[in-house]
Amino acid sequence: MRARYDGLADWYEARFVAGAETHQPGLLDLLGTGSGPCLDVGCGTGRNFETIRASGRSVVGVDYSADQLRVARTRTDGPLMVADAAVLPFADASFGTATVLWISTDVDDFGAVLREATRVLRPGGVLVAYGVHPCFNGPHVVYNSDDGSRLIHPSYRTPGWHQASPWWAEDGIRRRVGMRHVPLAEYLNAFLSTGLTLEHFVEPGGFEVPHALAVRARRTQTI
């Protein structure tokens, strides 16, 4: 099956990565210092590789789009591979750290992705998830560029795949690939299904109304 982001890597890089801040707000703090390989699940064009390395870790990247990985290769000489985030090609307990960044809206089952990321974590390992805020960023949201406010429509309660939304920008990523909406309760229950210990939640800055929601969790010996 063709990946949704195939054919968009160069456009995506120019639109969202080129000239952007090196580290996304709060991500480095959530990772904390560490060592060894970090699995970046859904790594895309490698936008967050520098942050992972700044934490003291090395990068192992997986993405469903070979086109995205083509650009990611310019940012690392470490292992990169095409893989389904819900069926990772690694043995149990292979990594001390895993990141799941900006993919909750692109995968068919976010809970399955989190459980698979948990499977490949060692006991004591850290998982950091960072991405779309379920409440304030989605097909149910209309942005007001004048004052930063957002109008929330009742379609918030309509989960699943949205191929179109009348207020999505003509030249935006969602018009090109669609979006899976994961309401807040479903999002949080996905984390609870992993058995991870949830350590910290952050609504990173940069917007008057939170645009992103980030989570740090840890695998315990009892999973």
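Remember, predicted model here, so these are calculated numbers, not experimental data.

## Considering the nonpolar core
Here's step 1: Grouped together as the largest cluster of nonpolar side chains are 29 residues, with contacts concentrated most on Leu39, Val41, Phe90, Val100, Phe110, Leu127 and Phe191.
Here's step 2: Where this core is concerned, the elements lending two or more residues are strand E1 (37-41), strand E2 (58-63), strand E4 (95-101), helix H5 (110-119), strand E5 (121-132), helix H7 (184-192) and strand E11 (212-218).
Here's step 3: When neighbours within four sequence positions are excluded, Val100 is seen to be in contact with Val41, Phe110, Val113, Leu114, Ala117, Leu127, Val128, Ala129 and Tyr130.
Here's step 4: Core analysis: the next-biggest nonpolar cluster, separate from the first, contains 17 residues, Leu30, Leu31, Val128 and Ala214 among them.

## Structural notes on the sheet that holds E5
Here's step 1: Pairing within the open sheet is mixed, and its 7 strands lie in the order E3-E2-E1-E4-E5-E11-E10. Of all strands in the sheet, those bounded by a partner on one side alone are strand E3 (80-82) and strand E10 (197-202). The mean angle between the axes of side-by-side strands here comes to 20°, regardless of whether they run parallel or antiparallel.
Here's step 2: Across 4 bridges, the pairing between E1 and E4 is parallel. Directly across from Leu39, in E4, lies its bridge partner Ala98.
Here's step 3: On top of the sheet, H5 reaches E1, E4 and E5; it is set at about 150° to E5, its chief contact.
Here's step 4: Most of the contacts of H7 go to E11, to which it runs at about 15°, and overall it touches E5, E10 and E11.

## Focus: the pattern of salt bridges
Here's step 1: Tallied over the entire structure, the rule returns 12 salt bridges.
Here's step 2: Close ionic contact of Glu116 with Arg119 constitutes a salt bridge, the shortest N to O distance being 2.8 Å. A residue pair is termed a helical-turn pair when its members lie 3 or 4 positions apart in one helix, as Glu116 and Arg119 do in helix H5 at 3 residues.
Here's step 3: Arg119 gets classed as partly exposed once you look at its relative accessible area, which sits at 23%.

## Looking at the UniProt feature "domain: Methyltransferase type" (unreviewed entry) in the protein
Here's step 1: UniProt records the feature "domain: Methyltransferase type" (unreviewed entry) for residues 39-128 in the present numbering.
Here's step 2: Taken end to end, residues 39-128 is 26% helix and 30% strand, and its two terminal C-alpha atoms sit 10 Å from one another.

## A few points about the environment of Pro123
Here's step 1: Within the element layout of this structure, Pro123 appears in strand E5.
Here's step 2: Judged by relative accessible area, Pro123 falls into the partly exposed class, the value being 40%.
Here's step 3: It is 36 Å that separates the C-alpha atoms of Pro123 and Tyr156, two residues lying 33 residues apart in sequence.

Cut-offs applied
- Residues numbered from 1 in each chain as written.
- Predicted model: local features only at pLDDT ≥ 70, side-chain atom pairs only at ≥ 80, totals over all residues.
- Heavy atoms only, no water.
- Core = buried A, V, L, I, M, F, W, Y, C linked by side-chain atoms within 4.5 Å.
- Buried < 20%, exposed > 50% of the residue type's maximum accessible area, 1.4 Å probe, protein only.
- Helix = DSSP H or I, 4+ residues; strand = E, 2+ residues; numbered from the N terminus.
- Contact = heavy atoms within 4.5 Å.
- Pairing = 2+ DSSP bridges.
- Axes fitted to C-alpha atoms, helices over the stretch in contact; angles between N-to-C directions.
- Salt bridge = Lys/Arg side-chain N within 4 Å of Asp/Glu carboxyl O.
- UniProt positions renumbered as here; feature names shortened; annotations may be inferred.

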